[in-house]
Amino acid sequence: GSEMCIRDRHYFKSNDCPLCKGAEREIEILKGEGCDISVHSIDEAEGLAEATYRGVLSTPTVVVEIDEREVGRYSGAISAEKILSKVGGRSGGIRP
């Protein structure tokens, strides 16, 4: 991935989640920016285990980690723009 995607992102979704459809469009934008995103469905045992491990209680949720340490968490109406700007924006993570 690019400079700003040294972070691991985990996206949690479920089948009956009304906001997940919109969130998936945002996830696709993030992927388009070169971000690695692991997708976990809490309807599956493995996804539920990941959610439980990270204390994810609702979907959609994106958990951002650096070196396995959580640095950000977004739930509900997920915005790719917000996640990218939090991470240093599209400039490759160079802060002024």
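This text follows the structure it describes.
Described in the following lines is the structure provided in the data block.

About the criteria used
- Residues numbered from 1 in each chain as written.
- Predicted model: local features only at pLDDT ≥ 70, side-chain atom pairs only at ≥ 80, totals over all residues.
- Heavy atoms only, no water.
- Disulfide = S-S within 2.5 Å.
- Buried < 20%, exposed > 50% of the residue type's maximum accessible area, 1.4 Å probe, protein only.
- Core = buried A, V, L, I, M, F, W, Y, C linked by side-chain atoms within 4.5 Å.
- Helix = DSSP H or I, 4+ residues; strand = E, 2+ residues; numbered from the N terminus.
- Contact = heavy atoms within 4.5 Å.
- Lys, Arg positive; Asp, Glu negative; His and termini not counted.
- Salt bridge = Lys/Arg side-chain N within 4 Å of Asp/Glu carboxyl O.

## Looking at the state of the cysteines
Applying the stated rule across the entire model yields 1 disulfide. Between the sulfur of cysteine 17 and that of cysteine 20 lies a disulfide, 2.0 Å long from S to S. The disulfide joining cysteine 17 to cysteine 20 has a torsion of about 95° about its S-S bond and is therefore right-handed. The exposure class assigned to cysteine 20 is buried, which follows from its relative accessible area of 5%.

## Focus on the nonpolar core
Soluble globular proteins: nonpolar side chains tend toward being buried together. Counting residues in each nonpolar core, the largest one holds 15 residues, and the members touching the most others are Tyr11, Leu30, Val62 and Ile78. Sorting the residues of this core by element identifies α1 (20-32), β3 (61-66) and α3 (80-86) as the ones contributing at least two each. Here this core gets 4 residues from one element, more than from any other, and that element is α1. When residues no more than four places from it in sequence are discounted, the contact partners of leucine 30 are Cys35, Ile37, Ala80, Ile83 and Leu84.

## As for the side chain of glutamate 26
Mapped onto the fold, glutamate 26 is located in helix α1. The charged side chain of glutamate 26 is buried without a salt bridge, its nearest counter-charge being arginine 25 at 5.5 Å. Residues contacting glutamate 26, with those up to four places away along its chain left out, are Ile78, Ser79, Ala80 and Glu81.

Taken by themselves, the reported measurements are silent on function.
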